[in-house]
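# What the coordinates show
Listed below are the residues making up each chain.
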Amino acid sequence: MRKVLFILVTIFFITYCGTILYHSYKPLPKGLSYEGRIYRGTDKEVTLLTDLTYQRGNELKVEHEIFPRVFQIIQEAEQFIVCDFFLFNGYYDKHLHFPPLSESFANQLINNKKKQQPEVRIMVITDEINTSYGSHKSKELERLKKNGIEVIMTDLDPLRDSTPLYSSIWRMFFKWFGQSGQEWIPNAMADNAPKMTIRSYLKLLNIKANHRKTIATDKTVFIASGNPHDASAYFSNHGIEISGPIIHDLLESEQAAVNISNGPKLPIYTEKGGQQGDHQFQLLTEGKIYKHVLREINRLKAGDELWMAMFYLADRKIIHSLLEASQRNVKINLILDPNENAFGNKKSGLPNRPVAHELHKKSKGKIQIRWYNTKKEQFHPKLIFIKKDKYSLIFNGSANLTSRNLADYNLETDIKIKAPNQSKVVHQLNRYFHRLWENRDGDFTLDFSKFQSRFIYFQEGIYRMQELLQLTTY
């Protein structure tokens, strides 16, 4: 019996370790980690849009531009609309109240486009989180289907595992049973959402996501950090709209996401151009975002400026590169979410608080940090603004600066822009960052010391343990 037990344990250990290694390093599906061509354009071809929720004294102020423009983009399309959004639902805890953003988005696609112009092909790509990983149907997505809109639920199984210690157990023992079953467990994401099955909870713990936030039409592309999601309606976000042949690259990158889900062929954009102008545009997804961000931080020299508005900052390579840049006398200003709230629920402050403490301490204060003054919403941008002598670089999109978002685990999309310093978009970003940093006409940001408590070393220990074991959502 001891010999049999030893053999069984050995087989399990070898299978478990082999599963971890393979699904941590397996080849990516074709077309992911995409690095688009560099297109040239002018100021007229790029538009920056901003969502801000903030306090002015005792008054809550909302300045939101993103989804009003998205609705216009839908109206202006003549041939096709291809959307890819991570969160697209109206679920939140019953004691909270949010605008019906998901319903408004669905109404735009159905009532104001498909019924008015049935010849326009509309496709919506999304994530299984909207069905609580197969526990129930999505009201919004079912409406789209009934009205002739194609819905593609992303199959994330071909992606690498970001929580390998757990995911290998799931692959060996639970994956084969699917997600169907009795829905009886309260939904962890919102108490007004349908109940979940045990199998769906087991899949949720893999922490995988199609985290993209994009829309492409025959007229333009829009790449953002916000979702058509009720509980996210008050989040502060950024979006960048670009017209021209970069539409082709976005469709090509989305085709890769559709292919791993056995979906249909997307429309093709064939118009030429993109070779004139003093602005450069490049589409990046997954690990190519990582490559470009690291490279540009490592190239910074004394006198350069790096401004960042970021929801999550946790990746160790990024942190080390920021510290090294500060030693080269690069001016670094970070505006971070304090990680206080998640759709109305209290959060632990991880990862930003211990990371901010480390950056401030190791740089001896050279890295300047302020916290966005959130209430029940999140400061949700994923925006990097690098200013050099003659030109500036901009990264914007869905990717937080975490290993999960950058290291070929999630599906992510960013746009990289190189623009002369006299351009409109650079002036807009200058105004944006200085407005928030200096609290011009609002109570936007708080001093670094606001969220540095006596528990910071305890938080740092948890953050380091999560990083070591890769058992985290960031």
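This report concerns the structure included in the present document. None of the values given here were measured: they were computed from a predicted structure.

### Concerning the packing of aromatic side chains
- According to the stated counting rule, one finds 18 aromatic pairs in the structure shown.
- Centroid distance Phe-12 to Tyr-16: 5.7 Å. Interplanar angle 5 degrees. Geometry classified as stacked. A residue pair is termed a helical-turn pair when its members lie 3 or 4 positions apart in one helix, as Phe-12 and Tyr-16 do in helix 1 (residues 2–25) at four residues.
- What makes Phe-12 partly exposed here is its relative accessible area of 35%.
- Tyr-16 gets classed as buried once you look at its relative accessible area, which sits at 15%.
- For the pair Tyr-432 and Phe-433, a centre-to-centre distance of 5.1 Å together with 80 degrees between the ring planes defines the contact as edge-to-face. The exposure classification of Tyr-432 matches that of Phe-433, with both residues buried.
- Three or more aromatic residues joined by ring pairs make a cluster, and in this case those are Phe-67, Phe-71, Phe-85, Phe-88 and Phe-105.
- The ring of Tyr-391 has Lys-418 lying over it, and the distance from NZ or CZ to the ring centre is 4.3 Å.

### A closer look at the pairing of strand 5 (residues 121–126)
- Counted residue by residue, strand 5 has five buried out of six residues, so it is predominantly covered.
- As paired strands, strand 4 (residues 80–85) and strand 5 are joined by six bridges and run parallel to one another. Among the inter-strand pairings, Ile-81 is bridged to a residue of strand 5, identified as Ile-122.
- Relative to strand 6 (residues 150–153), strand 5 runs parallel, the two being bridged by four bridges. Each residue of the ladder has a partner; that of Val-124, found in strand 6, is Val-151.
- Tracing the backbone out of strand 5, into helix 4 (residues 139–146) and back to the parallel element strand 6 gives a crossover that is right-handed.

### Notes on the sheet that holds strand 3 (residues 59–64)
- Strand order in the open sheet formed by eight strands is 3-2-9-8-7-4-5-6, with mixed pairing between adjacent strands. Single-partner strands in this sheet number two, and they are strand 3 and strand 6. Here the average twist between neighbouring strands, direction ignored, is 10 degrees.
- Across the sheet, helix 4 is in contact with strand 5 and strand 6; its angle to strand 6 comes to roughly 140 degrees.
- Against the sheet, helix 12 (residues 424–437) touches strand 2 (46–56), strand 3 and strand 9 (237–242), its axis set at about 10 degrees to strand 2.

### Considering the packing of helix 2 (residues 66–76) against helix 3 (residues 101–114)
- Relative to each other, helix 2 and helix 3 sit at 15 degrees, their axes nearing to 10 Å. By the criterion of interaxial angle, the relationship of helix 2 to helix 3 is roughly parallel. In this structure, helix 2 meets helix 3 at a crossing whose hand is right-handed. Of the residues in helix 3, those in contact with Phe-67, Val-70, Phe-71, Ile-74 and Gln-75 of helix 2 are Leu-101, Ser-104, Phe-105, Gln-108, Leu-109, Asn-112 and Lys-113.
- Residue composition of the contact of helix 2 with helix 3, by class: seven nonpolar, four polar and one charged.

The rules we used
- Residues numbered from 1 in each chain as written.
- Predicted model: local features only at pLDDT ≥ 70, side-chain atom pairs only at ≥ 80, totals over all residues.
- Heavy atoms only, no water.
- Phe/Tyr/Trp six-rings, centres within 6.5 Å; stacked < 30°, edge-to-face > 60°.
- Helix = DSSP H or I, 4+ residues; strand = E, 2+ residues; numbered from the N terminus.
- Buried < 20%, exposed > 50% of the residue type's maximum accessible area, 1.4 Å probe, protein only.
- Lys NZ or Arg CZ within 6 Å of the ring centre and 35° of its normal.
- Pairing = 2+ DSSP bridges.
- Right-handed = clockwise from strand over helix to strand, strands pointing away.
- Axes fitted to C-alpha atoms, helices over the stretch in contact; angles between N-to-C directions.
- Contact = heavy atoms within 4.5 Å.
- Parallel < 35°, antiparallel > 145°, perpendicular 65-115°, else oblique.
- Left-handed = near helix turned anticlockwise from the far one by under 90°.
- Nonpolar A, V, L, I, M, F, W, Y, C, P; charged D, E, K, R; others polar.

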